[in-house]
Amino acid sequence: MRSTNLTPTVQPAWLRLVLGAVVVLLGLVAVGGPAFAQEDDGGGEGATETVGGTIVARDDTGERVGIEGVTLQVIDADGNVVGEGITDADGVWLVELPSSGVYSVELLVDTLPDGTSLRDPDRNILTGVEVQPGTNKNTLFAMGDRQVSDDNTIVAIQLLADGVKLGLIIAMCSIGLSLIFGTTGLTNFSHGELVTLGAMVAYMFHMVYGGANDFSFFGLFNIWSNGRILGIPGTNSLIFAGLVSVVVVGTFGWLYNKIVWKPLRHKGTSLISALVVSIGLSIFFRYVLLFQFQGRARFYRDYQVQSRVDLGWFSLEPKDIFIILFSIFVLVCVGLALQKTRAGKAMRAVADNRDLAESSGIDVESVIKWVWITGAGLAGLGGVLFGMTENINWEMGFRLLLLMFAGVTLGGLGTAYGAFLGSLIVGIFIQMVTLFDWFPSDMKNVGALATLVLVLLIRPQGLLGRSERIG
Amino acid sequence: MDWVAIIESTFRGLIGEQFIYFALAAIGLNLHYGYTGLLNFGQAAFMAAGAYGMAIIVTSIAPRLNDDEGIFKLSISEGWMFVLGAFFGVVVVPVVLALLMGIPTLRLRADYLAIVTIAVAEIIRLTLRSPRFDWLTGSSDGLSGFTRTFYDFSPFDPSGRYFFNLFIGNQFFLVLVGWAVLALGVVLCWLVIRSPWGRVLKAVREDEDAARSLGKNAYSYKMQALILGGMFGAVGGMMRAIGFSLAQPDNFITDVTFFVWVALILGGAGKVFAPVAGAAILYAVLGFTDVFLRELVANDKVPDSVLSGTQVGQVRFMLMGLGLALLAAFRPQGIFGNKEEMALDDR
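Residues numbered from 1 in each chain as written. Chains lettered and ligands numbered in written order. Predicted model: local features only at pLDDT ≥ 70, side-chain atom pairs only at ≥ 80, totals over all residues.

Participant: Please give an account of the overall build of chain A that cites residues and values.
Facilitator: Across its full length, chain A holds 12 helices and 13 strands. Across chain A, every contact between residues at least 6 apart in sequence was considered, and the portion connecting residues at least 24 apart equals 74%. (Helix = DSSP H or I, 4+ residues; strand = E, 2+ residues; numbered from the N terminus. Contact = placed C-beta atoms within 7 Å.)

What follows is the structure, given as structure tokens:
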């Protein structure tokens, strides 16, 4: 690593790293532990593999309500029924399995209440449900009528709008990735976990602490009552939880830099070793998150189901419109801050040429600290927005990471505006590629990753990257 | 606490089939990273190449060649299809994959190679999963039924137990064959590294520009190393598929690559024996913690709120991740490696 400190630090950095990791782990266990242990008491105690899900439909007001008494059968590869589950009042069902493997799940249509039907009647049997050892596998049976597409909708423009939304979310997540690379040279593979953390923290405040159960922080003070902090209305809303999440993830980014990356920089760890460290920590964080939050997909309560607003050639849910406008607002603010403010100029200067910036009197370590805080905060925000559009699960960030890399490389590693442009293109590409009938829609992410490889072949420095020798 | 089960599991990790698969893949990765300095984070793709190269030929292609309704109406015996499958899995597919991976990236800086190899490995896995190619790859269910020829050679009673009751017959045969292949691999790696060709690889790792100025085509040497190391990975993946009697896309997720990396760095990159030792130690540790934690949970030594049976499998990944990070930060040369040899700089 490009270290400016010629004398090695006396304080044993490894000790701080280990302690830091333990603190982070314990913190997560302490904070998330009691709440989640309670929430998941339906989970398979004793059995190691389970398959389950939630059968919900919307009532007339658009609320999601669980359907009780639906029977589901789990069938193994040889066609034997290995278990049967019946949904409870919340529509939740769970079947314990004898072992990991590939199963199929059949929803017995006869047991559905009158007036309720599967969205796609042919999908009452889900085949190829893979259950990994020691995990719970969630299955989804969509209920109710398929969204009827309006005559005015032009598929291409609809996909473009969806792509813009996805691209903006990727952009928000990847600006930090790109700036951290630009200022420290670190290819941070653990950036995806910041995204997951953001979504999860918001979930915790929104659903668990904001739920009906009171929660006392180490028993010291009891600030949550009736799901509201100090009884203030609105503190259980997703908007509040999202704001808290940005602060928490930003703080985490600050700590992460302080405990792990700063000591490693001072130690003079090579960039390659640092890259491997980030991969190791990525796995570690990912499985700590799985440990805490279990394997199933989760959803925020607010803005869960909305009816689409017809916008002429395309239609969007109100939350999508909010996400698009809000992301543009945030990204413009970030752009203006980078362009106009002293801190922003310093960030760009350090990303451009670290040594020159330092000799001009810029406090490089302080700039790096702020890059980590803002980068992590933006990634956390991206996680909340991504969780609103899809679902929240322990691997969401890691899945997004490769798309972030595709976007950042496309735009030019190390440049903030390149990350923005590249991510937007990747998002649009992923959605638009399904226009072609010959392209399997389940492979749309493959297309985005393939463009990453192609870009490196044609223009390795990316769209906005300066042509420099990177080989 | 069932200490016999814990010791058995540890010992099995030390010498058993998991160790063999990952030691083979780690030998390949050692050629990439330890000797040539290539940051290959797509070793799982090479393992998948070995598994699927075999499985596709024997399970998907053979019936289409041989059947009366097939295109060619050939009559190739299953044994020969197995040999052809092994050739495809170990030679043809890894070479194609290495070219695919290497051409866009081997000229670039190391971190680009890391990103692209991870991306290619995911592209391969998602493509194998896609229902579009179900007829060829069996999509997410994968392919099975390609191992009969292999196990037909087994002299052991399939239902008998062998070697301190650790392995059943077929497993024991697989482990013995695996050890033979592993020994062959180590010798081959040792010969390759002390040849002039191996010395050029080290030169490329140490200073690519210097190697180039001496008239060595660094790009070509890197490609050759990628191909050879990929073949080792493919052998490991093929053995793994034979061991599972199943080639399934999700057996080759990115985490598999990371396990190979931990095995390599634990042993010490740049030493012939190190990946083998690293894999043995890694799987002994994992075998121990897995059963030890399960026993703790089963005997109510830890409260369920701290650790439940479901979560034991996740602890192994946490240990793996933390181990990789700590090793890379504080002992990049591993247990047996040599610090001077592994003083990799960014390039």
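Participant: An account of the overall build of chain B is requested, with residue identities and associated values reported.
Facilitator: When you go through chain B residue by residue, the secondary structure sums to 14 helices and 4 strands. Along the first, second and third principal axes, the C-alpha atoms of chain B reach 60 × 60 × 35 Å. The buried share among the 347 residues of chain B stands at 53%. In chain B, 76% of the contacts between residues at least 6 apart in sequence involve partners at least 24 apart. (Buried ≥ 20, exposed ≤ 12 C-beta atoms within 10 Å, placed from the backbone.)

Participant: Quick rundown of the pairing of strand S1 (residues 49–54) of chain A? Include the residues and the values.
Facilitator: Residue and element names in this part refer to chain A. Burial of S1 is extensive: 6 of the 6 residues sit out of reach of the surface. Both S1 and strand S9 (residues 136–139) contribute to a ladder of 4 bridges, which runs parallel. In the strand pairing of S9, glycine 53 is matched with threonine 139. (Pairing = 2+ DSSP bridges.)

Participant: So, the interface of chain B and chain A: which residues are in play, and what are the values?
Facilitator: With 51 residues of chain B in contact, the opposing surface of chain A contributes 51 residues. Those elements that place two or more of their residues in the side of chain B that touches chain A are helix H4 (78–105), helix H5 (110–129), helix H12 (254–267) and helix H14 (312–330) of chain B.

Participant: How would you explain the sheet that holds S1(A) if you had to name every residue and give the values?
Facilitator: Residues and elements named next belong to chain A. Read across the sheet, 3 strands follow the order S6-S1-S9 without closing on themselves; strand pairing throughout is mixed. If you trace the sheet from one side to the other, it starts and ends with strand S6 (92–97) and S9, each paired once. Across the sheet, the mean angle from the axis of one strand to that of its neighbour is 20°, orientation sign disregarded. (Axes fitted to C-alpha atoms, helices over the stretch in contact; angles between N-to-C directions.)

Participant: So, the sheet that holds strand S4 (residues 71–75) of chain A: which residues are in play, and what are the values?
Facilitator: Residues and elements named next belong to chain A. Sheet architecture is open: 4 strands sit in the order S5-S4-S7-S8, paired in antiparallel fashion. The sheet is open, and its two borders are formed by strand S5 (81–86) and strand S8 (125–131), each paired with just one other strand. Sheet twist, expressed as the average angle between the axes of neighbouring strands with direction ignored, equals 25°. Relative to S8, strand S7 (residues 101–107) runs antiparallel, the two being bridged by 5 bridges.

Participant: Can you explain the packing of helix H13 (residues 274–298) of chain B against H14(B)? Please cite residues and give values.
Facilitator: Residues and elements named next belong to chain B. Between H13 and H14, the least distance of the axes is 9 Å, while the angle of their chain directions is 145°. Viewed along their axes, H13 and H14 form a crossing whose handedness is right-handed. Contacts between H13 and H14 involve Leu286, Thr289, Asp290, Leu293, Arg294 and Val297 on the former and, on the latter, Val312, Val315, Arg316 and Leu319. Here the contact of H13 with H14 is composed, by residue class, of 6 nonpolar, 1 polar and 3 charged. (Left-handed = near helix turned anticlockwise from the far one by under 90°. Nonpolar A, V, L, I, M, F, W, Y, C, P; charged D, E, K, R; others polar.)

Participant: Before we move on, can you summarise H12(B) with the specific residues and values?
Facilitator: Residue and element names in this part refer to chain B. Taking 1.5 Å as the rise per residue, H12 with 14 residues should run 20 Å; its terminal C-alpha atoms sit 21 Å apart, in good agreement. Burial of H12 is extensive: 13 of the 14 residues sit out of reach of the surface. In the stretch just after H12, glycine 268 is the one whose phi turns positive, near 120°. (Expected span 1.5 Å × (residues − 1).)

Participant: Tell me about the environment of A:Gln294, residues and numbers included.
Facilitator: Turning to its location among the elements, A:Gln294 is positioned in the loop between helix H5 (271–293) and strand S12 (309–310). Put simply, A:Gln294 and A:Asn393 are 99 residues apart on the chain and 8.3 Å apart in space, counted from C-alpha to C-alpha.

Participant: Give a detailed account of the confidence of the model for chain A, specifying residues and quantitative values.
Facilitator: Residue and element names in this part refer to chain A. Looking at chain A, the pLDDT average stands at 78 and 76% of residues meet or exceed 70. Element-level pLDDT for chain A is lowest in helix H1 (residues 13–39), with a mean of 44, against a maximum mean of 94 in helix H9 (residues 364–389). This stretch, residues 1–15, has a pLDDT under 50; its non-local contacts, to residues over four places away or in other chains, come to 24 contacts. pLDDT under 50 marks residues 146–150. Its contacts with residues more than four places away, or in other chains, come to 4 contacts. (pLDDT = per-residue confidence, 0-100.)

Participant: Before we move on, can you summarise the nonpolar core with the specific residues and values?
Facilitator: Of all hydrophobic cores here, the largest spans 218 residues; its most connected members are B:Phe22, B:Ala23, B:Ala263 and B:Leu324. The contact partners of B:Ala263, leaving out residues within four places of it in the chain, are B:Phe22, B:Ala23, B:Ala26, B:Pro275, B:Gly278, B:Ala279 and B:Leu282. (Core = buried A, V, L, I, M, F, W, Y, C linked by C-beta atoms within 7 Å.)

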